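Tertiary structure, described
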Amino acid sequence: MATYDLTPRIAPNLDRHLVFPLLEFLQEQQMYPDEEILKAKIELLNKTNMVDYAMDIHKSLYRTEDVPQDMIERRVEVVARLKSLEESAAPLVAFLQNPSAVQELRADKQYNLQMLNDRYQIGPDQIEALYQYAKFQFECGNYSGAADYLYQYRALCTNSERSLSALWGKLAAEVLMQNWVVAVEELNRLKEIIDSKSFSSPLNQVQSRIWLMHWSLFIFFNHDNDKTQIIDLFNQDKYLNAIQTSAPHLLRYLATAFIINKRRRSQFKDFIRVIQQEQHSYKDPITEFLACVFVNYDFDGAQKKMKECEEVEDGNGSTMPLRDEFLKNARLFILETYCRIHQRIDMG
């Protein structure tokens, strides 16, 4: 299974907090030695504020109750910084927790800023403090609090870059809390901004699309109604170009989506051409299975690839219903194509 593990390719395109669920899965599957996974977790945690969690993993990894002095000192720093940010954001947090005060807010951001300043002595510094407080909460692993504060910050923020950064943070928090319905809404908001925003460089826009597609994998393969939405997103020209240019490994997930969504056959032929074009830059049993069936008409090869696909699907963390649906449709692909190109077949 480790042969087909895409974690090293996917992780650089994720917020570090989104890498934790991947490491948890790898640990459950026992794909790598436990010690390696625990060391990777500590390395990730060292750049967050989740110091207590890092301490627990250190104890588990080295089978000791002692923790390094630098971890203890780091914890003191985090607690002090959290208290400082809490105090800076307190006036605005108190306002937002007062339902009657919140009713004074309008859709007009400029009015809100003026009203907050005039009536509550809340200015740009306090609004900036709310952003820093929300970000710090996220780094501490308090995703629920971070999501709430980032939502409220975006309602008051007039800086488009900061607002976009807050939206990425909100999406990550919703994914980590597995709030798939809200996560889909945030994903669509983010896509709209990425597609319409004027970027300083076309490469930055391509990179944003690549990040969005990687983050969306959590949603599309967990949210009940979104097995087709991955095709709607990944198969758009601009997004498919980004995949071909910088992230061909995402073809695995688009191929899987096409196989389990037979209703999308109209877009399927074009996708097979992409699989054919990209065989030199990326292939795995799932993309090779499609090439065997629809490009080379190699049905014996397709049967072999389908067995390998089972290993890949296990390695992707597919739930049993999705895995069974994939294999059932894969068999149908072979049978339908075989029948289409033969006048007579051996029923055996």
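Note that the structure is a prediction, hence the values are computed from the model and not measured.

Below, the discussion takes up the packing of helix H11 (residues 180-196) against helix H12 (residues 202-220). With their axes 11 Å apart at the nearest point, H11 and H12 run at an angle of 165° to one another. Here H12 runs roughly antiparallel to H11, going by the angle between their axes. Along this stretch, H11 crosses H12, giving a crossing that reads as left-handed. Across the interface between the two elements, Trp180, Ala183, Val184, Leu187, Leu190, Lys191, Ile194 and Asp195 of H11 pack against Gln205, Ser208, Arg209, Leu212, Ser216, Phe218, Ile219 and Phe220 of H12. Within the contact of H11 with H12, the residues separate by chemical class into ten nonpolar, three polar and three charged.

This brings us to the packing of aromatic side chains. Going through the model one piece at a time under the given rule, you end up with 14 aromatic pairs. Ring centres 5.2 Å apart and planes at 65° place the aromatic pair Phe138 and Tyr143 in the edge-to-face group. Given the relative accessible area of 14%, Tyr143 is considered buried. Between Phe268 and Phe333, the ring centres sit 5.4 Å apart and the planes meet at 5°, which makes this aromatic pair stacked. Separated by 65 residues along the polypeptide, Phe268 in helix H16 (residues 265-277) and Phe333 in helix H19 (residues 320-341) bring together distant segments of the chain. Both residues of the pair, Phe268 and Phe333, count as buried. A cation sits over an aromatic face here: Arg106 above Tyr111, 4.0 Å from the ring centre.

So, how was this worked out
- Residues numbered from 1 in each chain as written.
- Predicted model: local features only at pLDDT ≥ 70, side-chain atom pairs only at ≥ 80, totals over all residues.
- Heavy atoms only, no water.
- Axes fitted to C-alpha atoms, helices over the stretch in contact; angles between N-to-C directions.
- Helix = DSSP H or I, 4+ residues; strand = E, 2+ residues; numbered from the N terminus.
- Parallel < 35°, antiparallel > 145°, perpendicular 65-115°, else oblique.
- Left-handed = near helix turned anticlockwise from the far one by under 90°.
- Contact = heavy atoms within 4.5 Å.
- Nonpolar A, V, L, I, M, F, W, Y, C, P; charged D, E, K, R; others polar.
- Phe/Tyr/Trp six-rings, centres within 6.5 Å; stacked < 30°, edge-to-face > 60°.
- Buried < 20%, exposed > 50% of the residue type's maximum accessible area, 1.4 Å probe, protein only.
- Lys NZ or Arg CZ within 6 Å of the ring centre and 35° of its normal.

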